[in-house]
Amino acid sequence: MDKAKDREVKDGSIEKLVKLNRVAKVVKGGRRFSFSALVVVGYGDGRVGYGFGKANDVTDAIRKATEKAKSSLITVPLKGTTIPHDIVGKFKSASVLLRPAVPGTGVKAGGAVRLVCDAAGIRDVLSKSLGSRNGINTVKATFDALEHMYDAAEVAKSRGKTLKEMWG
């Protein structure tokens, strides 16, 4: 693991903490602090999910977010170590452009997009985050792009062709 905020768990999943936010509520006796956490969970084989949890304690917020992330996994179609085609994902004012890259390029992405790609097992991709810089909206825009990705085998089957005819 390359960062302290990444954790590998017994079941083979990779948990990445994207954002931890502290919120203060002013009450009669002073300030009451609450925490929210955004976590991305992946297995490195195309399965990835995200979760958002809130609690009065940091560990509880992270635990809740991790449970939600594991229950909301999606499967991303991969073509080798990259994605099959260009796509733009949008959520509110955040847009994320994802492009396939040749093997050896690496993950050319910043912040939240990099964490999602690493957890999903995407090793070679180019990306550009457009619009909002909010980490939560950027993660949701990235997931919008990954959810609408076409699987080459399904496209070939729907067109009545073989995979070799489609890709050459």
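Residues numbered from 1 in each chain as written. Predicted model: local features only at pLDDT ≥ 70, side-chain atom pairs only at ≥ 80, totals over all residues. Heavy atoms only, no water.

J.: With reference to specific residues and values, describe the nonpolar core.
T.: Residues V48, L98, I122, V139 and L146 are the most contacted members of the largest nonpolar core, which totals 28 residues. It is helix α2 (residues 111–120) that provides the largest number of residues to this core, a total of seven residues. Once residues lying within four places of it in the same chain are set aside, the contact partners of I122 are V76, L78, T81, T82, I83, V107, C117 and L146. If you look at the next biggest cluster of nonpolar residues, it comprises nine residues, including A37, V39, A61 and A65. (Core = buried A, V, L, I, M, F, W, Y, C linked by side-chain atoms within 4.5 Å. Buried < 20%, exposed > 50% of the residue type's maximum accessible area, 1.4 Å probe, protein only. Helix = DSSP H or I, 4+ residues; strand = E, 2+ residues; numbered from the N terminus. Contact = heavy atoms within 4.5 Å.)

J.: I'd like a rundown of unusual backbone geometry, residues and numbers included.
T.: For K92, which is not a glycine, the phi torsion comes out positive at approximately 50°. If you trace the backbone, K92 turns up in the loop between β6 (87–91) and β7 (94–100). The class for K92 is exposed, based on a relative accessible area of 71%.

J.: Kindly report on the pairing of β6, identifying the contributing residues and their values.
T.: A regular strand places its side chains on the two faces of the sheet in alternate fashion. Looking at chain direction, β6 and β7 are connected through five bridges and run antiparallel. Considered in β7, the bridge of V88 is made with L97. (Pairing = 2+ DSSP bridges.)

J.: Hey, could you go over the sheet that holds strand β9 (residues 125–131) for me, with residue numbers and the actual values?
T.: The sheet built from four strands is open, its strands ordered β6-β7-β9-β8 with mixed pairing. Strands with a single pairing partner mark the edges of an open sheet, and in this sheet they are β6 and β8 (107–108). Across two bridges, the pairing between β8 and β9 is parallel. Residue pairing in the sheet places V107 in a bridge with V125 of β9. Where helix α3 (residues 135–147) meets the sheet, its contacts fall on β6, β7 and β9, and the angle it forms with β6 comes to roughly 135°. (Axes fitted to C-alpha atoms, helices over the stretch in contact; angles between N-to-C directions.)

J.: Explain the packing of aromatic side chains to me, using residue names and the numbers behind them.
T.: Inspection of the entire model under this criterion finds one aromatic pair. Aromatic side chains Y50 and F143 sit 4.8 Å apart centroid to centroid with 55° between the ring planes, which places their arrangement in the tilted category. Note that Y50 is positioned in strand β4 (residues 47–55) and F143 in helix α3, a separation of 93 residues in sequence. Using a relative accessible area of 2% as the deciding quantity, one classes F143 as buried. Of note, R47 hangs over the ring of Y43, and the distance from its end group to the ring centre comes to 4.2 Å. (Phe/Tyr/Trp six-rings, centres within 6.5 Å; stacked < 30°, edge-to-face > 60°. Lys NZ or Arg CZ within 6 Å of the ring centre and 35° of its normal.)

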